Amino acid sequence: MNRVHSVEVDKINPNRPTTSNLPRAEKAGINGTHAKGSPYAKSIPNAQSTNGNPSLNEKVSSSSGQPSSEQAYAVDLNTFSTRLKTFYSHWRQNKAELWGSADYISAATPPPSEDLRYPKSSALSIWLFGHDYPETIMVFGDKNINFLSSRKIAALLEPVKSTARDTVNVDVVIHIKAKGESGSTQIDSLLGGIHSKSNGDDQDTFGYIAKEVPEGKLLELWAAKLKNSGFNLTDITNGLSDLFAVKDKNEIICVKKAAHLTACAMKSFVVTEVEKVIDEEKKVTHASLMEATENAILNPAKVGVRLKPENVDICYPPIFQSGGNFDLRPSASSNDELLYYDSCSIIICAIGSRYNNYCSNIGRSYLIDADTVQSRAYEVLLKAQEAAILALKPGNKSSAVYKAACDVVAKEAPELVSNLTKSAGTGIGLEFRESGLILNTKNERVLKAGMVFNVLLGFQNLEANTTNPKSKNFSLLIADTVIVTEKANEVATFACSKSVKDVAYTFNDHEEDELPPVKPVSSSKDSVFSKATLRSDREISKEELRKQHQAELARQKNEETLRRLAGGGSGTGDGRTSMKTANELIAYKNVNEVPQPRDMMIQVDSKNEAILIPIYGGMVPFHVSTLKTVSSQQDTNRNCYIRVIFNVPGTPFTPHDATSLKNLGSIYVKEVSFRSKDPRHISEVVQQIKTLRRNVMARESERAERATLVTQEKLVLAGNKFKPVKLHDLWIRPAFGGRARKLTGALEAHVNGFRYSTSRSEEKIDIMYGNIKHAFFQPAEKEMITLLHFHLHNHIMVGNKKTKDVQFYVEVMEMVQNIGGGKRSAYDPDEIEEEQRERDRKNKINMDFQHFVNRVNDLWGQPQPKGLDLEFDQPLRELGFHGVPFKTSSFIVPTSSCLVELIETPFLVITLSEIEIVNLERVGLGQKNFDMAIVFKDFKKDVTRIDSIPSSSLDGIKEWLDTTDIKYYESRLNLNWRPILKTITEDPQKFVEDGGWEFLNLEATDSDSDNSEESDKGYTPSDADPESDSEEEDSDSESLVESEDDKEDDSEEGSADEEGKTWEELEREATNADRMKGDEYDSEEERRRRKMKSMGKSRAGPSTSAPKRPKFR
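Residues numbered from 1 in each chain as written. Predicted model: local features only at pLDDT ≥ 70, side-chain atom pairs only at ≥ 80, totals over all residues. Heavy atoms only, no water.

*Asks:* Can you tell me about the sheet that holds strand S20 (residues 627-634), naming the residues and giving the values?
*Replies:* The antiparallel open sheet is built from three strands, whose spatial order is S20-S21-S22. One side of each edge strand has no neighbouring strand; the edge strands of this open sheet are S20 and strand S22 (671-676). Strand-to-strand twist of the sheet, defined as the mean angle between neighbouring strand axes without regard to direction, takes the value 15°. Pairing geometry for strand S21 (residues 640-646) and S22, over six bridges, is antiparallel. Opposite Tyr641, over in S22, you have Arg675 as the bridge partner. (Pairing = 2+ DSSP bridges. Helix = DSSP H or I, 4+ residues; strand = E, 2+ residues; numbered from the N terminus. Axes fitted to C-alpha atoms, helices over the stretch in contact; angles between N-to-C directions.)

*Asks:* Give a description of the sheet that holds strand S35 (residues 915-921) that names residues and reports values.
*Replies:* Strand order in this open sheet of four strands is S37-S36-S35-S38, and the pairing throughout is mixed. The open sheet terminates on both sides in strands that have one partner only, identified here as strand S37 (944-950) and strand S38 (968-970). The sheet shows a mean angle of 20° between the axes of neighbouring strands, direction not considered. The pairing of S35 with strand S36 (residues 929-936) spans six bridges and is antiparallel.

*Asks:* Lay out the environment of Tyr668 with the relevant residues and their values.
*Replies:* Within the secondary structure layout, Tyr668 lies in the loop between helix H16 (658-662) and S22. Counting along the chain gives 19 residues from Tyr668 to Pro649, while the straight-line C-alpha distance between them is 8.4 Å.

*Asks:* How would you summarise the pattern of salt bridges if you had to cite specific residues and measurements?
*Replies:* As enumerated under the stated definition, the model contains 41 salt bridges in all. Glu215 serves as the salt-bridge partner of Arg117, at 2.6 Å between the closest nitrogen and oxygen. In this pair, Arg117 sits in the loop between strand S1 (104-108) and helix H3 (120-129) while Glu215 sits in the loop between strand S5 (205-208) and helix H7 (216-227), placing the two residues 98 residues apart along the sequence. Since its relative accessible area comes to 4%, Arg117 is described here as buried. Several salt bridges share partner residues, and in doing so they unite Glu921, Arg922, Asp931, Arg945 and Asp947 into one network. (Salt bridge = Lys/Arg side-chain N within 4 Å of Asp/Glu carboxyl O. Buried < 20%, exposed > 50% of the residue type's maximum accessible area, 1.4 Å probe, protein only.)

*Asks:* Before we move on, could you go through the pairing of strand S6 (residues 232-235) and cite the residues and values that matter?
*Replies:* Sheet topology places S5 next to S6; four bridges connect them, and they run parallel. When the sheet's bridge partners are listed, Thr205 is paired in S6 with Asn232. Between S5 and its parallel partner S6, the chain crosses via H7, and the hand of that crossover is right-handed. (Right-handed = clockwise from strand over helix to strand, strands pointing away.)

*Asks:* Please give an account of the packing of helix H9 (residues 249-280) against helix H10 (residues 286-298) that cites residues and values.
*Replies:* Packing of H9 against H10 brings their axes to within 10 Å, and their N-to-C directions diverge by 140°. With respect to H10, the element H9 is oriented oblique. Once H9 is placed against H10, the crossing between them reads as right-handed. Contact with H9, carried on its side by Leu261, Ala265, Phe269, Val270 and Glu273, involves Leu289, Ala292, Thr293, Ala296 and Ile297 of H10 and no other residues of that element. (Parallel < 35°, antiparallel > 145°, perpendicular 65-115°, else oblique. Left-handed = near helix turned anticlockwise from the far one by under 90°. Contact = heavy atoms within 4.5 Å.)

*Asks:* Summarise the side chain of Thr421; cite the residues concerned and give the values.
*Replies:* By secondary structure assignment, the location of Thr421 is in the loop between helix H12 (398-412) and strand S11 (425-427). In this structure, Thr421 is in contact with Leu328, Tyr402, Leu456, Leu457, Gly458 and Gln460, ignoring residues within four places of it in sequence.

*Asks:* Residues and numbers for unusual backbone geometry, please.
*Replies:* In the segment running from Arg733 into Pro734, the intervening peptide bond is cis, with an omega of 0°. Across the junction of Thr905 and Pro906, the peptide omega takes the value 0°, indicating a cis bond. Tracing the chain through its elements places Pro906 in the loop between strand S33 (898-901) and strand S34 (908-911). The phi dihedral of Asn169 is positive, around 60°, even though this residue is not glycine. For Asn169, the location among the structural elements is in the loop between helix H5 (160-168) and strand S4 (171-177). Classification of Asn169 as exposed rests on a relative accessible area of 57%.

*Asks:* How would you summarise H10 if you had to cite specific residues and measurements?
*Replies:* Taking 1.5 Å of rise per residue, 13 residues should cover 18 Å, and H10 covers 19 Å from first to last C-alpha, within 8% of that figure. Here H10 has its buried residues at His286, Ala287, Leu289, Met290, Thr293, Glu294, Ala296, Ile297 and Leu298. Lining the buried residues of H10 we find H9, strand S7 (312-314), strand S8 (319-321) and strand S9 (345-355). (Expected span 1.5 Å × (residues − 1).)

*Asks:* Tell me about the packing of helix H11 (residues 372-390) against H12, residues and numbers included.
*Replies:* Packing of H11 against H12 leaves a shortest axis separation of 8 Å and a crossing angle of 150°. With respect to each other, H11 and H12 are oriented roughly antiparallel. Classified by chirality, the crossing of H12 by H11 is right-handed. Here H11 contributes Arg376, Val380, Lys383, Ala384, Ala387 and Ala388 to the contact with H12, which in turn contributes Val401, Ala404, Ala405, Val408, Val409 and Glu412. Grouping the constituent residues of the contact of H11 with H12 by class yields nine nonpolar, no polar and three charged. (Nonpolar A, V, L, I, M, F, W, Y, C, P; charged D, E, K, R; others polar.)

In structure tokens form, the structure reads like this:
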């Protein structure tokens, strides 16, 4: 939410709580403005505040080994050098346009404070040095940089002197204000030095931040002396705003981390708390929710985010509003009124968090038993915000963003235009509200990649269809943090959904035990309310809710596809290359290395991988890779022949390598043949050549596979840090190569990865935690194995196989049973005892695996594996279904994030977040099976098909897809997806204008073609004759009792009709066939004879019915 204010050092609201009475008393950063770190500051302790904590200017002692103040607040010289160069370059290039033609630029940071504020002077200090140095005056000139500060800060700034000189060729002068001094002498010295270098010219222009009100005696004295210094003063606010607008890589990372924390706090804490309050009908005030939410943000572990608490802070006290009192202005605050959640009520929640001083924001509106006015208003607002986000592209003007939102509102609900907020948000970064990047109709600034925006839209002062005063007046608000990228944009707060189904709640007091949840709520399993797409007073069926949710998903999916492809997103292509690369093939480097021939016979040199062939009295070596085939045969005269065919450029099915392309003008030997009287020698030579060629090809293939692998980090063994977690006696899939007997091995969890090894030293693989995309644990229930499965980001080599899936398993019972002992009684004590042993073995193995999984999850939860979001996932068998993903039928089961089949090989692992849509094909009345086509967001990937799914699983699959927010369609036929995806990527704009994926909507297609033949046909029995009516009308010669010949004719007609041919086409084919056989007259007589036989009499004149096709025996 736009919680900040103007450019000046203002306070958000003097009446709302400050950090002094919040749970963490030492929240103030180095200057009291919550500056706790930066992308380049290693650690920033809370060194001072105004409530008794030691300030930076006081001596800080530490007996616990913590770094001193000087170390903690030291300047990162590399970052300082880069940004100082950027600062001077920007100033010199835009001096007249943005910096007011200033010859000098000054900024004075305020003293420490407990208020939440965002002065530009502090932002400049953080941007340059990584920290906000309080009560420090900075003056930048073309030849000098002057600093006026306390002795402690002066010591921290001392190292920048040489860096500034090397980077921009300026000298740094530091003026030290001793403790107890007013600073007047130092200010006079600073201004006097500037006057002396201007050669007495008092017309130099001095830039300062005009809207920042000076705080403290030093800054007030500086402002007074600067005003009376004789310089021409100019405002540099626009220059600083433009300087901060485009963020570098490190700044973007900080924004993303802050946004992730904000979204997780809203999703995992705020929504959960509000649901709990409504579920238990508690009486909770807005202020108490604010305090609890702030505590959750300041302790990221509470919301499942692995960030250091000392680097995290709030942007503003969280805001909760309900009960008809809504305020969408930046100065809004949470009052002491109770949270109101009766029918037709709206709850607005807005929170913002900072990571290393970089801000993020999110705002959501939650609808409780909303009426049609509220639901429609929210849908329009959601469309408007998504249109505004879509318009955030490099090259667009800022005004185009707000215009895109206004156009949507004007089209969808013109009566709501006057209630729309006057802007679509502002820029966000070191300042919560970057004044130069307001998204309104007046701002013509061009958007650039690297800008970050708080996209905020709302409707104010609306009225619902209710007489309750606390529900009648309502407002709506949606806000997200969005990063402008090179191609389009990225919503950094995407983790918290804003779709209608996730923010609209139905609360039913009378049918709470009968109301089935539309979507499970993880935080409250016994919740008496459920989420739905639209709310009305009548009861909505489960199928209707699903259709409404799917309609909402279709709209979102079309806009998401357009946004992703607008910048040239995923295209289709086979990804194949036309040329195979290879190294120069060299058998021998010089003639001296060629072995001396014993006889003029074909020889195989396995050491040098060469074949020596006698040609014109000399031995000519060929590298074995140049051979295509070698064969031998024997004739009747006991002569044996050996034939060698070489790889020659230009022949079919011969790959081009670098050697052949390099020597295009050369003459190649295509084939040689030799005759021998010794068949045994010929067989040995052929066998040796084939063996050598097979070994070389296998080695080169493995080398080529390894060349495409991504370099992995090295495994850090547990050593003395902790005892590695182990699981013994595991088999691995894919298995190690070689013909040796397969052995079981042990899996160990170390600091940054797993290691699996057997008793053979060469059988060892390492799997890094950072390379694991998904981890699965599947205990044995109806299967024969218990397994751990890892689906990886990048391929690794297991033996000589390149794979992305590695599985470790144990057989819980014998795969082969002895059935030779005859039938045994079901009450046989030995049989019962054996079954009990098998159950005990299975339970023990499952428990061992579960214990290993729990310990690894605890290891992944520690801060050591940085940036990892790993946890073992377990398949949900109750949602499983049978299908054929490859060649055999398998039991496919969903997990919380994937769709998997881990028993049969090849394995199937599909990440749900990578799915664009799912099309259910061959769905129709009377079909026993149907197919599932999974289309990925990356259109370069082939569509994955799962065939032959029983129709009994259709409803369950639909419900699962809808619950996981995956849009699905149904069709009667299988589609050819490759040309479809190619058409979409060639013109994504036309694709969306034509309705997007709605061309797959079977119901819409049927409704648009009610008069079509297919829709009118309906269901007809298989034995019905579609032409029977016309035949009865046209032919009076048909008998009610068919002859045997007629039945045969009818069967042929039925088969022809199935092929789709008309009677006229069949007649022409029959006539042509008769002419070719020369028996046209006989066939005509045969037809007459059959008609006479069936009717019992002949009629005068020719028959008007079309003659039937004759039978050919």
